[in-house]
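This is what each chain is made of:
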Amino acid sequence: MAHYKAADWKREQFRRYLEKSGVLDTLTKVLVALYEEPEKPNSALDFLKHHLGAATPENPEIELLRLELAEMEEKYEAIVEENKKLKTKLAQYEPPQEEKRAE
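- Per an unreviewed UniProt entry, the recorded name for the protein is c-Myc-binding protein, and the organism is Microcebus murinus.
- The record held by UniProt for the protein lists under Sequence similarities (unreviewed entry) the comment "Belongs to the AMY1 family."

Written out as C-alpha cells, the structure reads:
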C-alpha cells in the first residue's frame, strides 16, 4: 500500500510541475485547436509539432548554418572534381611509379 501512495505522490508532483510550467495549458490549447479544425489534417502528430513550434528552427542561426553547409558542400564537390582533373593531367606528364623505381 505504501508503494501505491508513493507512486500517486510522484504522479501528483509531476502533474503540478507540468501545470506550473504551462505545459498542460499549451497542450490543451493545441488539442482544442485540432479538435476545432474543420478539416482534420492527415497527420495529427505533424499538426501538433507545427503548433508547438517543433517545425521551426529554435535559433535563427541554424538556418544560416544550413545555408553555409550547403555552400561548403558545393565547394567541396567542385574541389574534388578539380583534383581529379589535375591528377589526370599530372599523370600525362609524370612517368608511372614503376619506371621511376627502375631508374
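This is not the end of the story, as more comes after the structure.
### What to know about the overall build of the protein
- Within the protein, the secondary structure is distributed over five helices and zero strands.
- The secondary structure elements of the protein, listed N-terminal to C-terminal, are α-α-α-α-α.
- Of all 103 residues assigned to the protein, the portion counted as buried reaches 4%.

### Concerning a nonpolar patch on the surface
- On the surface, Val23, Leu27, Leu31 and Leu52 cluster together to form a nonpolar patch covering roughly 310 Å² of accessible area.
- The dominant element in the nonpolar patch, judged by the number of residues it contributes, is helix α2 (residues 23-36), at three residues.
- The residue leucine 31 is located in helix α2 in this model.

### Regarding the pattern of salt bridges
- The full count for this structure, using the stated rule, is five salt bridges.
- Aspartate 8 serves as the salt-bridge partner of arginine 11, at 3.2 Å between the closest nitrogen and oxygen. On the criterion of helical spacing, the pair formed by arginine 11 and aspartate 8 is a turn pair, its members being three residues apart in helix α1 (residues 2-21).
- Taking the relative accessible area as the measure of exposure, arginine 11 reaches 58% and is therefore exposed.
- Because the salt bridges share partners, they merge into one network encompassing Glu12, Arg15, Arg16 and Glu19.

### Things to note about the environment of proline 41
- When you line up the elements, proline 41 lands in the loop between α2 and α3 (44-52).
- Residue classification places proline 41 among the partly exposed positions, given a relative accessible area of 32%.
- Beyond its immediate sequence surroundings of up to four residues, proline 41 is in contact with Leu34 and Phe47.

### Focus: the UniProt feature "coiled-coil region" (unreviewed entry) in the protein
- According to UniProt, the positions carrying the feature "coiled-coil region" (unreviewed entry) are residues 62-89.
- For residues 62-89, the end-to-end C-alpha separation is 40 Å, with 100% helix and 0% strand making up the annotated structure.

### Re the packing of α2 against α3
- The contact between α2 and α3 brings their axes to 10 Å, and the two run at 130°. Relative to α3, α2 is oriented oblique. As for how α2 packs across α3, the hand of that crossing is right-handed. Across the interface between the two elements, Thr26, Leu27, Val30, Leu31, Ala33 and Leu34 from α2 touch Ala44, Phe47, Leu48, His51 and Leu52 from α3.

### Considerations on the packing of aromatic side chains
- Applying the stated criterion across every chain yields a total of one aromatic pair.
- Where phenylalanine 14 meets tyrosine 17, the ring centres are 6.1 Å apart and the plane angle is 35°; that geometry is what we call tilted. One end of the pair, phenylalanine 14, and the other, tyrosine 17, are both in helix α1, three residues apart, so they sit about a helical turn from each other.
- Above the face of the tyrosine 35 ring, lysine 40 is positioned so that its terminal group lies 5.8 Å from the ring centre.

Basis of the calculations
- Numbering of residues starts from 1 in each chain and follows the order in which that chain's sequence is written.
- Side-chain atom pairs in this predicted model are given and counted only at pLDDT of 80 or more, local residue features only at pLDDT of at least 70, and totals for whole chains, interfaces and linings cover all residues.
- The basis for every side-chain value is the complete set of heavy atoms in the structure, and neither hydrogens nor water enter the calculation.
- UniProt positions are given in the numbering used here, feature names are shortened, and annotations may be inferred rather than shown by experiment.
- Going along the chain from the N terminus, every DSSP run of H or I of four or more residues is numbered as a helix, and every run of E of two or more is numbered as a strand.
- Classification of residues uses two cut-offs on accessible area relative to the type maximum, computed with a 1.4 Å probe and protein chains only: under 20% is buried, over 50% is exposed, and between them is partly exposed.
- Patches draw on residues past 30% relative accessible area with no salt bridge. Two like charges within 9 Å are joined, as are two nonpolar side chains (Val, Leu, Ile, Met, Phe, Trp, Tyr) within 5 Å.
- Areas reported here follow the Shrake-Rupley algorithm with a probe of radius 1.4 Å; residue values treat only the protein chains shown as occluding.
- The rule for a salt bridge is simple: a side-chain nitrogen of Lys or Arg has to be within 4 Å of a carboxyl oxygen of Asp or Glu.
- Any two residues whose heavy atoms approach within 4.5 Å at even a single point are treated as in contact.
- As a rule, the C-alpha atoms of each element are fitted with a line to give its axis, helices using only the stretch in contact, and angles between N-to-C directions run from 0 to 180 degrees.
- Angles are sorted into four bins: roughly parallel if under 35 degrees, roughly antiparallel if over 145, roughly perpendicular if 65 to 115, and oblique for all others.
- By the definition used in this description, the sense in which the near helix is turned from the far one sets the handedness, with an anticlockwise turn below a right angle giving left-handed and a clockwise turn giving right-handed.
- Two aromatic rings from Phe, Tyr or Trp, using only the six-membered ring of Trp, form a pair when their centres are within 6.5 Å; if the ring planes differ by under 30 degrees the pair is stacked, by over 60 it is edge-to-face, and anything between is tilted.
- Consider the ring centre and the ring normal. A charge sits over the ring if Lys NZ or Arg CZ is within 6 Å of that centre and within 35 degrees of that normal.

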